[in-house]
Amino acid sequence: MKHLVLLLLLMVVTSGFAQMGKVVGKVRDTGGEELIGAIVVYKKDVSIGAVADESGNYIIELPAGKCQLICRFTDMKTDTFEVTVFENQTVQHDITLESINVTDLEEFEIKVGKFDTPYEDQTVSMEILKPKIIENKNTRSIETALDQTPGLNILDGEPQIRGGSGFTFGVGSKVAVIVDDIPMLSGDAGRPEWGFIPVENIHQIEVIKGAASVLSGSSALSGSIHIRTAYPTSKPLTKVNIYSGLYSTPDGQSSNWYSNVPLISGVNLLHSRKIKNWDVVLGGNVNYDHGYTGPPITGPLVIEDSVTKFSNKNMSSKRARVNFNLQHRSKKYKGLAYGVNGNFMYAQTNMIFAWLDDTSGLYRAYPGAMFLQNQLIFNVDPFLTFYTTTSGKHSFRSRLLRTVNDMSANQSNQSTVIYGNYEFQKKYSVLNGFEFIGGLTGTNTHSYSNIYAGSGNAINQLLNISAYAQGEKKIKKTVNFSVGGRLEYFQLNDSITALKPIFRAGSSIKIYQETYLRLSYGQGYRFPTIAERFIKTGIGNFGVFPNPQLKPESSWNAEVGVKQGLKFGKLMGYLDVAAFWQEYENTIEYMFGIWDAASTTSFAGFKFLNTGKSRVLGIDVSFSGIAKAGKNHEITFMTGYNYIVPKTLNPDYVYAIDDFNRVFSYNSTSLDSASRVLKYRFLHNVKADVEWAYKKKIAVGVSVKYFSKIVNMDRIIKEFEEFTAGAPYVQNIRYMDYFDNHRFGNIIFDARVSYSFNAKHKLALIGSNILNRSYSLRPLKIEPPRTVMLQYTYKLGGE
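Residues numbered from 1 in each chain as written. Predicted model: local features only at pLDDT ≥ 70, side-chain atom pairs only at ≥ 80, totals over all residues. Heavy atoms only, no water.

**Q** What is the right way to read the sheet that holds strand β3 (residues 45-51) from this model?
**A** Sheets are built from strands that pair by backbone hydrogen bonding, the pairs being arranged parallel or antiparallel. Taken together, the four strands give an open sheet; going across it, the order is β3-β2-β5-β6, and neighbouring strands pair in antiparallel fashion. For this open sheet the edge positions go to β3 and β6 (79-85), each flanked by a neighbour on one side alone. With direction set aside, neighbouring strand axes in the sheet form an average angle of 30°. (Pairing = 2+ DSSP bridges. Helix = DSSP H or I, 4+ residues; strand = E, 2+ residues; numbered from the N terminus. Axes fitted to C-alpha atoms, helices over the stretch in contact; angles between N-to-C directions.)

Here it is, written out as structure tokens:
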């Protein structure tokens, strides 16, 4: 017995001194480059492992005998191998990892930005929208899909990123909208033309959050939206999308303003193919929308004028659009491609700026606050690209954009924009892969409209010339640096000029397996549009007044963020957390006042003013990915939360005095000046979209959007309500009761279900605002009630 105890003790003691050896080596890719940060672990005990150093070397101590090791690195195939370890000896074993194919990564291998760099290497905050969600939500106009993006809100057609702007009726967008590297804002007013963008042929949408003027140009004061259309694949593609549905009766409304069926219907068409050396894309859309807001009606004592005389038929919208992309790849000159893209649209619609009142008139327009519009808009875009044999790329893109808006109440306007951009891009192997982009851009806008006669002439011209450059360098597949600059020059009507340099810099650092830290700083600059400076018009008792002295607004944005790639079994995704600090100077806002006391008609109304300095602090959190359960179940998701603290930096700054000697400052014009919160901002914003698919046949999806209450707005809205309540011949505007009774935020649900009969045929039922919530996101404007749509999709070919 004593000998047995001694033997057991000896075994325990010697087990604590196991025979050990070492395995050393270098981890490289197939090109021979060291993979810094690659992980090597012992399969039997994953707590034993090593991380490759700055030279790609690893060293790991293991028990003697045969050992299985696992080596992992981002975007590389995991390698499992066996080595024989000898006691007190060192074994050499080098490891070569292969890149993952695109088909292995499926939709997670995403290239973004002008450099086409991997999503995780970006030095800015960016959200990605793929075409699947655009089609599944029956997107008739692209802004409804964009509104599902975390950190981005589309407020009555106006894009807002991270609370960077309030509300200006869509004029002077502070977010650049760019389609295939060409700006898509109206030349005279800087307004996005959402219905003009071909939703049927989207390849990818990239939303950059934070000042992005260096590569995105003027207007990217708080961010930019880059829309990439799709090129033909090796297999021809034909797609037809037919939809029809209707509006529900609004919640809380005892009767409708209409007696017919509130129908929504339309069709999207797309055909793309390669024909020898030609790439051909043809697309189009026809859309009819009955509308959910009725025509104005006047009170018994209010004097009715011609501006208010609209019928129910005037409330519907009709649109027809056709587009084409043609590209020829030269056989004679290798690397040369040239072509032309075009888009033509005619639309009949209406613009409604205020509701009738806050009870039974929520779904009717206010007299004098509605216009009819017949719009003809087209663009023709010749382009040329040339790839050199030394990894260089020359590209030239140009555009002729013509817009004609025939509007009621003498509000018609037309403009012609001529745009050109030359860009050079090259990756320098002698500089260890340093990438460079540089270019020159010119835009000339010619506008004709009597409503812009505040300049002294109905004809106005705006010239913008800019030069830009940015460099990007990745070191050891671990650190990615980027730095760039832009010089902007503006000239308005041969008299007003501005010259402004702007800069940006950023870095992305891989600090662990699938963990990326990014730091960025960027500046933004926006020159006021022709409309903001010179609009001069009267509508009923009120008007809009010019401000030729309006100054450009500028911004800067700094942020730190972490992007973490996650993989739990069959779940793969990216979690992104960012903290940001944005400051704005000479912020342009739309202010109501008595601007022409001598006028016998429109003495009061709106004017664009520079309101001083402001700051927005906040955090962004987003989590998107895909999860699979077995071979039959798949879940895709995109979620995000945005919190901002938007504050004025000079609440007592007096930026204007009107004709009644009313002083304009943040304190004097705010309904809640004590909070110092900027007007028309949502402090909390949540977005989520989740879809479950079974055998790629049945799919069920749900979207949710949450907007917290608006803390602050213009005091004039309350004063204007009090004024119209006591004026016998002016239609009473009512909003404050609604504002006071709806201080709890809004949560909106959308849902969809679809069935794919086969690869060609799919049927879907899609509902928006499925709880039929009656809600408002900006003063005096009600949002759409529930819509229910039936969608049929026919798809033939493609990849």
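**Q** Looking at this model, I keep getting lost on empty space enclosed by the protein. Mind explaining?
**A** Gaps between atoms show up when a probe of the same size as a water molecule is rolled over them. Going through the model one piece at a time under the given rule, you end up with eight cavities of 30 Å³ or more. Quantified by volume, the largest cavity comes out at close to 640 Å³. Looking at the largest cavity, it is lined by 38 residues, and the ones nearest its centre are P183, S218, S219, T443 and N464. Broken down by secondary-structure element, the contributors of at least two residues to the lining of the largest cavity are β14 (175-179), β15 (182-183), α5 (213-216), β24 (392-407), β25 (413-428), β26 (434-448), β27 (459-475) and β28 (479-492). Partitioned by chemical class, the residues of the lining of the largest cavity number 14 nonpolar, 17 polar and seven charged. (1 Å grid on protein atoms, 1.4 Å probe; cavity = no way out; pocket = protein on both sides within 12 Å on 5 of 7 lines; lining within 4 Å. Points joined across faces, edges and corners; volume = space filled by probe spheres on them. Nonpolar A, V, L, I, M, F, W, Y, C, P; charged D, E, K, R; others polar.)

**Q** I keep staring at helix α8 (residues 716-725) and nothing clicks. Help me out?
**A** Each turn of an α-helix holds 3.6 residues, which means side chains three or four residues apart point in the same direction. Within α8, burial applies to I716, I717, F720, E721 and T724. An end-on view of α8 places all buried positions within 140° of arc, on one side of the element. Away from the buried face of α8 by more than 90 degrees, exposed residues E722 and A725 are located. (Buried < 20%, exposed > 50% of the residue type's maximum accessible area, 1.4 Å probe, protein only. Arc of directions from axis to C-beta.)

**Q** Teacher, can you tell me more about the nonpolar core here?
**A** Across soluble globular proteins, nonpolar side chains have a tendency to be buried as a group. W355, Y452, F527, F608, M713, Y735 and I782 are the most contacted members of the largest nonpolar core, which totals 62 residues. Ignoring anything within four residues of it in the chain, the contact list for W355 reads G361, L362, R364, A365, Y366, R734, Y735, Y738, S776, L780, K781 and I782. Among the nonpolar cores identified, the runner-up in size contains 29 residues, and V175, M184, I202 and V207 belong to it. (Core = buried A, V, L, I, M, F, W, Y, C linked by side-chain atoms within 4.5 Å. Contact = heavy atoms within 4.5 Å.)

**Q** Help me understand a nonpolar patch on the surface, please; the structure alone is not making it clear to me.
**A** There is a patch of nonpolar side chains on the surface, built from I635, V690, W692, I698, V700, V753, Y755, F757, L763, L765, V788 and L790 and spanning about 910 Å² of accessible area. Listing elements by their share of the nonpolar patch, those giving two or more residues are β41 (684-694), β42 (698-707), β43 (746-756), β44 (761-768) and β45 (787-797). Position of L763 among the secondary structure elements: in strand β44. Residue classification places L763 among the partly exposed residues on the basis of a relative accessible area of 34%. (Patch = residues over 30% accessible without salt bridge, like charges linked within 9 Å, V, L, I, M, F, W, Y side chains within 5 Å. Areas by Shrake-Rupley, 256 points an atom, 1.4 Å probe, with all protein chains shown as cover. Salt bridge = Lys/Arg side-chain N within 4 Å of Asp/Glu carboxyl O.)

**Q** Explain the sheet that holds strand β17 (residues 223-229) to me, please; I cannot follow it from the model alone.
**A** Sheet architecture is open: five strands sit in the order β11-β16-β17-β14-β15, paired in mixed fashion. One side of each edge strand has no neighbouring strand; the edge strands of this open sheet are β11 (125-129) and β15. Summarising the sheet, strand β16 (residues 202-209) and β17 pair through seven bridges and their orientation is antiparallel. By the bridge assignment for β17, Q204 is matched with R228.

**Q** Sorry, what's going on with the packing of aromatic side chains here?
**A** Aromatic rings in a pair are described by how distant their centres are and how their planes are angled relative to each other. Applying the stated rule across the entire model yields 22 aromatic pairs. Measuring from centroid to centroid gives 5.2 Å for W355 and Y738, while their planes differ by 70°, and the two rings are edge-to-face. Here the residue W355 occupies a position in the loop between β22 (336-352) and β23 (370-387), and Y738 occupies one in helix α9 (residues 736-741), the gap between them amounting to 383 residues. Both residues of the pair, W355 and Y738, belong to the buried class. Site record: aromatic cluster; members linked through ring pairs are Y590, F592, F606, F608 and F720. Above the plane of the ring of F580 lies R162, whose end atom (NZ or CZ) is 4.1 Å from the centre. It is K563 that lies over the ring of Y574; its NZ or CZ is 6.0 Å from the centre. (Phe/Tyr/Trp six-rings, centres within 6.5 Å; stacked < 30°, edge-to-face > 60°. Lys NZ or Arg CZ within 6 Å of the ring centre and 35° of its normal.)

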